[in-house]
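Examination of the molecular architecture
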Amino acid sequence: MDELERKMEPNFEQTLQEGKLYRQINALIVAHLRDYNLTQAARAVASATMTSFEVEVPPYRLLDLVAKGLAVEKDEKLRGGVPSAAFLDSGAVMHVAYGSTPAPRTVAIDFGAVHDTKGSSKAFPKHETRHVSEHKNIARCARFSLDGRFVATGSLDMSIKLFEISKIKQMMLPDANTRDGPVRPVIRTFYDHIQELQPINDLDFHPQSPVLISGAKDHTIKFFDFSKTVAKRAFRVIQDTHNVRSVSFHPSGDFLLAGTDHPVAHLYDVNTFQCYLSANVQDLGISASINQVRYSSNGGMYVTASKDGAIRLWDGVTANCVRSIVGAHGTAEAISASFTKDQRFVLSCGKDSSVKLWEIGTGKLVKQYLGAAHTQLRCQAVFNDTQEFVLSIDDQSNEIVVWDALTAEIVARLPSNHIGAPQWLDHSPTEAAFVSCGGDRSVRFWKEIL
């Protein structure tokens with residue numbers, strides 16, 4: 001009898017573990033359906049599986065787990081250093097592990113947990129800045145890679161410059177000019193948008209492969225392989241039907257979004273270039289162009305900022321609009337919108353001289369960051385890498401304005417050192433560093449003084 005019990009024990013333990021896993025899966029499904037307001041379906045699953053309808057699960061947890069699982073599965077298939085994107089040329093690739101994102105410096109701020117924050121503003125660390133390069137015309141956009149090792153800028157002169165952050169830092173050292181000559185932080189310059197005065201509007205990096213994409217007024221999205229030292233032209237091109245104002249890669253790297261003069265973002269499969277549009281376009285009744293589109297960190301949602309002043313949230317799977325914040329910036333244009341790391345809030349910037357933080361679940365305004373004028377230029381508001389601070393541009397005082405993200409109090413006004421106000425800034429996702437660029441054609445790098 002004892003021997004029989006010993007034989008049965010592993011099976012019994014396995015059954016217990018499987019039962020626990022099933023209960024977790026059921027809870028995730030119920031919470032997922034409930035969070036997407038599919039109440040009837042959520043109650044039906046809860047009843048059939050004997051799961052509480054009010055089960056407590058972090059928002060969008062199921063989407064987050066599925067996205068991470070797919071990423072791990074994809075990574076396992078591609079071990080050995082082969083670039084993950086099927087469209088990437090099989091030629092020489094970078095000898096470094098591009099796309100391996102380092103751990104963040106600190107845990108992101110939980111905006112939903114803090115209520116009384118008066119008098120608790122943090123001091124913004126002192127930064128030093130350096131002119132690192134310039135374009136031949138207005139520098140309109142900048143974007144860091146997810147691993148924080150590169151930053152790219154795009155210009156009205158139709159060129160794209162790619163910088164290596166380690167070389168910029170080396171350039172900023174007192175003894176930078178060695179016997180080998182000055183340090184040159186620009187490692188690639190791409191020229192493939194050839195129509196005059198058809199500027200590059202936005203850039204993004206592929207999450208796993210050394211590929212940079214650009215969206216431009218010439219109605220194209222172009223793919224550049226920056227693992228090759230001599231390549232100056234795009235190796236693939238998407239021809240859109242509208243001015244491409246914004247681009248954003250899905251976290252898997254298999255899809256990308258294009259925000260254009262069309263009122264609905266264009267979703268592309270990067271391997272087939274097939275374009276998909278939202279299933280409920282006709283029901284939305286919108287006609288305004290999109291200024292910016294950005295995916296959430298797990299790809300479960302994306303957000304658009306439009307010229308009609310609205311912020312709209314979209315399901316990352318069905319491409320249906322799930323929430324419209326109409327008049328988020330009054331009648332002024334909404335210029336930018338991006339998610340917090342926990343995907344519970346969206347930070348938006350508008351030409352009404354306001355930066356706002358919205359709760360996704362309710363559409364309610366949570367924070368408002370005031371005191372920076374931006375009514376003319378296209379600019380964006382961004383978090384620093386720890387989400388403790390919000391940065392944007394004052395186009396009247398020619399300053400970079402910094403707010404404490406929780407108290408919404410201005411904690412720094414940094415003279416931009418540009419001739420005329422900068423038109424764009426972007427913050428590193430991995431460290432205390434950011435880049436600014438503007439109408440004076442220059443690109444400046446900023447980093448914390450340690």
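Note that the coordinates shown come from a computational prediction; the quantities given were computed from them, not determined experimentally.

**So, the sheet that holds strand E2 (residues 139-144)**
Sheet architecture is open: 4 strands sit in the order E2-E3-E4-E5, paired in antiparallel fashion. One side of each edge strand has no neighbouring strand; the edge strands of this open sheet are E2 and strand E5 (186-191). Going from strand to strand, the sheet's axes swing by 20° on average, the running direction of each strand aside.

**Topic: the pattern of salt bridges**
By the definition in use, this model includes 16 salt bridges. Across the pair glutamate 399 and arginine 413 runs a salt bridge whose closest N-O atoms are separated by 2.9 Å. Placement of glutamate 399 in strand E24 (residues 399-404) and of arginine 413 in strand E25 (residues 410-415) is noted, with a sequence separation of 14 residues between them. Accessibility expressed as a relative area gives 34% for arginine 413, which makes it partly exposed. A network of salt bridges, in which partner residues are shared, links Arg143, Asp202, Asp204 and Arg294.

**Quick notes on unusual backbone geometry**
Although it is not a glycine, glutamine 343 sits at a positive phi angle of roughly 65°. By the secondary structure assignment, glutamine 343 is in the loop between strand E18 (334-339) and strand E19 (345-350). What makes glutamine 343 buried here is its relative accessible area of 6%. Non-glycine residue asparagine 398 carries a positive phi angle of around 60°. Position of asparagine 398 among the secondary structure elements: in the loop between strand E23 (389-394) and E24.

**Some thoughts on the environment of glutamine 423**
Mapped onto the elements, glutamine 423 comes out in strand E26 (residues 422-427). You can call glutamine 423 buried: its relative accessible area is 13%. Spatially, the C-alpha atoms of glutamine 423 and arginine 378 are 6.2 Å apart, while their sequence positions differ by 45 residues.

**Thoughts on the environment of histidine 374**
Its place among the elements puts histidine 374 in the loop between strand E21 (365-369) and strand E22 (382-383). Along the backbone, histidine 374 and aspartate 352 are 22 residues apart, and their C-alpha atoms lie at a distance of 6.9 Å. Here histidine 374 is in contact with Cys349, Gly350, Lys351, Asp352, Ser353, Ser354, Val355, Cys379, Ser392, Ile393 and Asp395, once residues within four sequence places are set aside. One polar contact links the side chain of histidine 374 to the main-chain carbonyl oxygen of glycine 350, over a distance of 2.8 Å.

**A closer look at the sheet that holds strand E28 (residues 442-448)**
Pairing is antiparallel in the open sheet, where 4 strands are placed in the order E1-E28-E27-E26. Looking along the sheet, the strands with just one partner apiece sit at the ends: strand E1 (127-134) and E26. In this sheet, adjacent strand axes meet at a mean angle of 20° when their direction is disregarded. Relative to E28, strand E27 (residues 433-438) runs antiparallel, the two sharing 5 bridges. The residue of E28 that forms the bridge with alanine 433 is lysine 447.

**Brief notes about the nonpolar core**
Membership of the largest hydrophobic core comes to 32 residues, with the highest contact counts inside it found for Ile160, Ile168, Leu212 and Phe445. The element contributing the most residues to this core is E2, with 4 residues. Not counting chain neighbours up to four residues away, the residues in contact with phenylalanine 445 comprise Glu128, Thr129, Arg130, Val132, Phe144, Ile165, Ile168, Met172, Ala433 and Phe434. Counting residues in hydrophobic clusters, the runner-up holds 30 residues, among them Ile335, Phe345, Ala381 and Trp446.

**Focus: the state of the cysteines**
Summed over the entire model, instances satisfying the criterion amount to 0 disulfides. Cysteine cysteine 141 remains unbridged, with the sulfur of cysteine 437 as its closest cysteine sulfur at 6.8 Å. We classify cysteine 141 as buried; its relative accessible area is 0%.

**Here we look at the pairing of strand E14 (residues 290-295)**
Most of E14 is tucked away, with 6 of its 6 residues classed as buried. Inspection of the sheet shows E14 paired to strand E15 (residues 301-306) by 5 bridges, in the antiparallel sense. Across the sheet, the residue bridging to valine 293 is threonine 304, located in E15.

About the criteria used
- Residues numbered from 1 in each chain as written.
- Predicted model: local features only at pLDDT ≥ 70, side-chain atom pairs only at ≥ 80, totals over all residues.
- Heavy atoms only, no water.
- Pairing = 2+ DSSP bridges.
- Helix = DSSP H or I, 4+ residues; strand = E, 2+ residues; numbered from the N terminus.
- Axes fitted to C-alpha atoms, helices over the stretch in contact; angles between N-to-C directions.
- Salt bridge = Lys/Arg side-chain N within 4 Å of Asp/Glu carboxyl O.
- Buried < 20%, exposed > 50% of the residue type's maximum accessible area, 1.4 Å probe, protein only.
- Contact = heavy atoms within 4.5 Å.
- Polar contact = N/O pair within 3.5 Å; in protein donor to acceptor, adjacent residues only side chain to side chain.
- Core = buried A, V, L, I, M, F, W, Y, C linked by side-chain atoms within 4.5 Å.
- Disulfide = S-S within 2.5 Å.

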